[in-house]
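Listed below are the residues making up each chain.
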Amino acid sequence: QITLRESGRTLVKPTETVTLTCTFSGFSLSTSEVGVGWIRQPPGKALEWLALIYWDGNKFYSPSLKSRLTITKDTSKNQVVLILTNMGPVDTATYYCARGLRHFDHWGQGTLITVSS
Amino acid sequence: QSALTQPASVSGSPGQSITISCTGSTSDISTYNYVSWYQQHPGRAPKLIIFDVNNRPSGVSNRFSGSKSGNTASLTISWLQAEDESDYYCSSYTGSNSWVFGGGTKLTVL
């Protein structure tokens, strides 16, 4: 059974940096043709793709957020970490991690990150 | 990259068929066969229902089908059921090692 779970601070102040961790089970990021990505969804709004990391270490970022994002993996811990710097109110959203390469077939439940002073 | 364009809402009666369009550009949908569709019920995570334009994951009803023509992809739901009432999102690879989602479509079953 494949599961993913997001964790991290749920309330951050403007200009702060947030670190989100995706802990997964049922698959390995050391297996060929496997990736884990991050997608977010502001309240009442659409999904937005953020970043993706492949089994081979290749990393891909949303062009509009590339300067603020860092994605890393720890294969031994079955974790993928997303760092988003300089948080602002527009970054308030539910952040999901999901398994996939060209599509996302398993998703975590999501974690709501609120940016407020 | 710009989000893919979907109608804000569609509706249909039980037993009918509906189609949701997803319009992109020459840099995404028209060039790559990496279009996927997701169903999202309120308060829940998205669920993959179509991948690579017209493939269904195991366990997804065959009432869901996908297609593509030019820069527009489509999701068709046949024999509409009350449980299909949900938000639907399309997604496509954009070629520059990035992905893009559509703005989402709210399906109402009358």
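Provided above is the structure to which this section pertains.
Notes on the structure in this doc start here. Keep in mind it's a predicted model, so treat the numbers as computed, not measured. (Residues numbered from 1 in each chain as written. Chains lettered and ligands numbered in written order. Predicted model: local features only at pLDDT ≥ 70, side-chain atom pairs only at ≥ 80, totals over all residues. Heavy atoms only, no water.)

## Considering the overall build of chain B
Rule in force here: Counting from the N terminus, the helices are the DSSP runs of H or I reaching at least four residues and the strands are the DSSP runs of E reaching at least two. For this measure, only C-alpha atoms enter the radius of gyration; the expected value for a globule follows 2.2 Å times N^0.38, where N is the number of residues. What makes two residues a contact is simply this: any of their non-hydrogen atoms within 4.5 Å. Only the protein chains shown count as covering a residue, and every accessible area follows the Shrake-Rupley method with a 1.4 Å probe.
When helices and strands are counted, chain B shows zero helices and nine strands. What you see in chain B, going N to C, is helices and strands ordered as β-β-β-β-β-β-β-β-β. Compactness check: chain B gives a C-alpha radius of gyration of 13 Å against a globular reference of 13 Å for 110 residues, within 12% of the reference. By sequence separation, contacts in chain B at least 24 residues apart represent 56% of the contacts at least 6 residues apart. A total of about 4900 Å² of accessible surface is found on chain B, and carbon and sulfur atoms cover 45% of it.

## Comments concerning the packing of aromatic side chains
Centre distance and the angle of the planes are the two values used to describe a pair of aromatic rings. Basically, it comes down to this: Put simply, two rings from Phe, Tyr or Trp (the six-membered ring, in Trp's case) pair if the centres are within 6.5 Å, and we call them stacked under 30 degrees between planes, edge-to-face over 60, tilted for the rest. Lysine NZ or arginine CZ positioned within 6 Å of the ring centre and within 35 degrees of the ring normal marks a charge as sitting over the ring.
Counted by the stated rule, this structure contains 13 aromatic pairs over all chains. When the ring of Tyr-34 of chain B is compared with that of Tyr-93 of chain B, the centres are 6.1 Å apart and the planes differ by 75 degrees; the resulting orientation is edge-to-face. With Tyr-34 of chain B in the loop between β2 (18-23) and β3 (35-40) and Tyr-93 of chain B in strand β7 (residues 86-93), the pair connects residues that are 59 residues apart, well separated along the chain. Aromatic ring contacts, followed pair by pair, group Trp-49, Tyr-54, Trp-55 and Phe-60 of chain A together with Tyr-32, Tyr-34, Tyr-93 and Trp-99 of chain B into a single cluster. The residue whose ring lies beneath Arg-99 of chain A is Phe-27 of chain A, and the NZ or CZ to ring-centre distance is 5.4 Å.

## Points about the environment of Ser-65 of chain B
Residues and elements named next belong to chain B. Relative to the helices and strands, Ser-65 is located in strand β5 (residues 64-69). C-alpha separation for the pair Ser-65 and Ser-78, spaced 13 residues apart in sequence, amounts to 8.3 Å. The contact partners of Ser-65, leaving out residues within four places of it in the chain, are Ile-50, Ser-74, Leu-75 and Thr-76.

## A short note on the interface of chain A and chain B
Accessible area lost when the parts come together is the quantity often used to give the size of an interface. Let me state the cut-off plainly: A quick way to say it: buried area is the sum, across both parts, of accessible area lost when two parts are put together, with a 1.4 Å probe. By salt bridge we mean one thing: a side-chain nitrogen of Lys or Arg within 4 Å of a carboxyl oxygen of Asp or Glu. We define a polar contact as two N or O atoms separated by no more than 3.5 Å, with the added condition that, inside protein, one atom must be a possible hydrogen donor and the other a possible acceptor, whereas residues neighbouring each other in sequence contribute only through side-chain atom pairs.
Each side of the interface is counted separately: chain A has 21 residues, and chain B has 18 residues. Summed over the three residues of chain A that lose the most area to chain B, namely Leu-47, Arg-102 and His-103 of chain A, the buried surface amounts to 36% of that side. At the boundary of chain A and chain B, one finds zero salt bridges. Linking chain A with chain B are seven residue pairs in polar contact (both at pLDDT 80 or more), by the criterion used here.

## Topic: the pairing of β2 of chain B
Here is the key point about a regular strand: its side chains alternate between the two faces of the sheet. Residues and elements named next belong to chain B. Quick note on the threshold: Three exposure classes are used, based on accessible area relative to the maximum for each residue type with a 1.4 Å probe and protein chains only: buried under 20%, partly exposed in between, and exposed over 50%. Two strands are counted as paired when DSSP detects at least two bridges linking them.
The two faces of β2 differ: Ile-18, Ile-20 and Cys-22 on one face are buried, but Thr-19, Ser-21 and Thr-23 on the other face are not. Relative to strand β6 (residues 72-77), β2 runs antiparallel, the two being bridged by six bridges. Counterpart to Ser-21 in the pairing with β6 is Ser-74.

## Considering the layout of surface pockets
Rule in force here: Only protein atoms enter the 1 Å grid used here, on which a cavity is any set of points holding a 1.4 Å probe that cannot leave and a pocket is any open set flanked by protein within 12 Å on both sides along at least five of seven lines; residues with an atom within 4 Å of a point are listed as lining. Grid points are joined across faces, edges and corners, and a volume is the space filled by probe spheres set on the points. Polar here means any residue outside two lists: the nonpolar Ala, Val, Leu, Ile, Met, Phe, Trp, Tyr, Cys and Pro, and the charged Asp, Glu, Lys and Arg; Gly therefore counts as polar.
Quantified by volume, the largest pocket comes out at close to 320 Å³. Considering the residues around the largest pocket, the lining is formed by 19 residues, among which Gln-41 and Lys-45 of chain A together with Gln-40, Asp-87 and Tyr-89 of chain B are closest to the centre. Looking at the lining of the largest pocket, the elements with two or more residues in it are β9 (93-100) of chain A together with β7 and β9 (105-109) of chain B. When grouped by side-chain class, the residues that make up the lining of the largest pocket number six nonpolar, nine polar and four charged.

## Side note on the pattern of salt bridges
Residue and element names in this part refer to chain A. Applying the stated rule across the entire model yields six salt bridges over all chains. Put simply, Asp-91 and Arg-68 hold a salt bridge, and the shortest N to O gap is 2.6 Å. Of this pair, Asp-91 sits in the loop between β8 (79-84) and β9 while Arg-68 sits in the loop between β6 (59-61) and β7 (69-74), and the two are 23 residues apart along the sequence. Overall, the relative accessible area of 2% leaves Asp-91 in the buried class. The class for Arg-68 is buried, based on a relative accessible area of 17%. Taken together, the shared-partner salt bridges in this structure form one network comprising Arg-40, Glu-48, Arg-68 and Asp-91.

## A look at the sheet that holds strand β3 (residues 18-25) of chain A
Residues and elements named next belong to chain A. For clarity, the cut-off: Helix axes are fitted to C-alpha atoms over the stretch in contact, other axes to C-alpha atoms as well, and angles between N-to-C directions run from 0 to 180 degrees.
Pairing in this open sheet of four strands is antiparallel, and the strands run β1-β3-β8-β7 from one edge to the other. The sheet terminates laterally at β1 (3-7) and β7, the two strands that pair on one side only. Between one strand and the next, the sheet's axes are offset by a mean angle of 15 degrees, whatever the strand orientation.

Treat this as a map of the structure, not an account of what it does.
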